[in-house]
Amino acid sequence: MGFNCGIVGLPNVGKSTLFNALAQTTAAQAANYPFCTIDPNVGLVSVPDVRLDKLAELTRSARKIHAQLEIVDIAGLVKKASEGEGLGNQFLARIREVDAILHVLRCFEDNDVTHVEGSVNPIRDAEIVDTELMLADLDSLQKQRNNLEKKYRTIKDLEMELTLILIDRAIKVLEQGTSARKVCLNSAEEIRLFAGLQLMTYKPVLYVCNVAESEILSGNKFTDQVLDLARKESSSVVMASAAIEAEIALLKNEEEKREYLQSIGLGEAGLSRIVREGYKLLNLITFFTAGEKETRAWTVRYGAKASEAAGVIHTDFQRGFICAETISYEDYVSLGGEIASKNAGKMRLEGKDYVLKDGDIMHFRFNV
């Protein structure tokens, strides 16, 4: 089960530099001109989780494996991208495929780095991207409506009827200059059908403020503007400095990274916060498997059941599911491991319909 976030924004806002640091690679060319990222670059990023470190320490595992997110670096967007300007068609096609959006906004002044709009203004930049996505969504909805209406005339299907109602509801919202995230959905069925429309402005968004090294702790007038925007939208914001993250990525030793972060007054890298917030953005939780050979973090969506979690590990686990031996992270750590948790009566046998809690340590019994 894969989950991905697409890094979007105008050209020259620091997308590719951040991507390179996230993926600890130089695969994405970072240059001072638009469209330096032509083909989408994809990187797998480990999700920081101190719980995994603690579990691996308790079990003395031979190895530990973090949960991962896929990060996609997408070509910079410009005005009229919805009409095919710049690399608009490539941008729009790729963004439809991601689960969530990491919207990078330039929040630093630098005369040596060209801004495609001629000046630094993150709110204007956000509006440019949002407008192009809304226009593309409107175009998509009109086409979907025309096709669906023709079918509905022949087949009076209730699902088609509800979908047409949702399309009209979304068109009305988008025509008012508001994203599809603001469309009122009243039931699980409406949510399911609406997600099937694949609207870009329905995807969850995390704003990433790219600031100068000297302003990573204090922020500036630009980050204040983005924070105000995010509050109005009920979105989240992370501050990061692409320059700092690029420097950290060059340090191979974890101790060197910690010392560098401490020297500039940071407790952790901005990228760790980005990945963690991206994980939350997708409504994901973590469960663990733990043992001497391997301790591993696995990813499922909030609300997943035990049988679904088993299937994340292997389809045979789900097909032949019997039960899940389950220990909460808090009990596992406070009692000192699996055996002590069993002896204290803290291990539970859960059935296939058990809804996972974040941090559960699980061992699946199955028979195929």
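This text goes with the structure placed above it.
Values in this document were obtained by computation on a predicted structure and should not be read as measured data.

Rules and cut-offs
- Residues numbered from 1 in each chain as written.
- Predicted model: local features only at pLDDT ≥ 70, side-chain atom pairs only at ≥ 80, totals over all residues.
- Heavy atoms only, no water.
- 1 Å grid on protein atoms, 1.4 Å probe; cavity = no way out; pocket = protein on both sides within 12 Å on 5 of 7 lines; lining within 4 Å.
- Points joined across faces, edges and corners; volume = space filled by probe spheres on them.
- Helix = DSSP H or I, 4+ residues; strand = E, 2+ residues; numbered from the N terminus.
- Nonpolar A, V, L, I, M, F, W, Y, C, P; charged D, E, K, R; others polar.
- Phe/Tyr/Trp six-rings, centres within 6.5 Å; stacked < 30°, edge-to-face > 60°.
- Buried < 20%, exposed > 50% of the residue type's maximum accessible area, 1.4 Å probe, protein only.
- Core = buried A, V, L, I, M, F, W, Y, C linked by side-chain atoms within 4.5 Å.
- Contact = heavy atoms within 4.5 Å.

1. Structural notes on empty space enclosed by the protein
- This structure, assessed with the given rule, holds 1 cavity of 30 Å³ or more.
- The space that makes up the largest cavity amounts to roughly 30 Å³.
- Forming the walls of the largest cavity are I7, L18, L22, L102, V104, V208 and I274.
- Contributing elements (two or more residues each) for the lining of the largest cavity: helix 1 (15-23) and strand 5 (100-106).
- Considering only residue class, the lining of the largest cavity consists of 7 nonpolar, no polar and no charged.

2. Focus on the packing of aromatic side chains
- Tallied over the entire structure, the rule returns 5 aromatic pairs.
- For the ring pair F287 and W298, a centre distance of 6.4 Å and an interplane angle of 15° mean the geometry is stacked. Of this pair, F287 sits in strand 8 (residues 284-289) while W298 sits in strand 9 (residues 295-301), and the two are 11 residues apart along the sequence. Each member of the pair, F287 as well as W298, carries the same accessibility label: buried.

3. Here we look at the layout of surface pockets
- For the largest pocket, the calculated volume is near 900 Å³.
- Residue lining of the largest pocket: 27 residues in total, with P48, E254, K257, A269 and S272 positioned closest to the centre.
- Of all the secondary structure elements, the ones that give two or more residues to the lining of the largest pocket are helix 1, strand 2 (41-46), helix 2 (50-59), helix 8 (242-250), helix 9 (254-263) and helix 10 (270-281).
- Its residues assigned to classes, the lining of the largest pocket shows 12 nonpolar, 5 polar and 10 charged.
- In this structure, the second largest pocket encloses a volume near 470 Å³.
- As for the second largest pocket, its lining consists of 24 residues, and the residues nearest its centre are D130, S179, R181, K182 and E233.
- Residue assignment for the lining of the second largest pocket shows that the elements contributing at least two residues are strand 5, helix 4 (122-154) and helix 7 (221-233).

4. Describing the nonpolar core
- Core analysis: the biggest nonpolar cluster contains 69 residues, and L69, I71, I95, L102, Y207 and V208 have the highest contact counts within it.
- Setting aside residues up to four positions removed in sequence, I71 forms contacts with C5, I7, F19, L22, N41, V42, G43, V45 and L102.
- The next biggest cluster of nonpolar side chains, apart from the first, holds 19 residues, and it includes L166, L174, A180 and L193.

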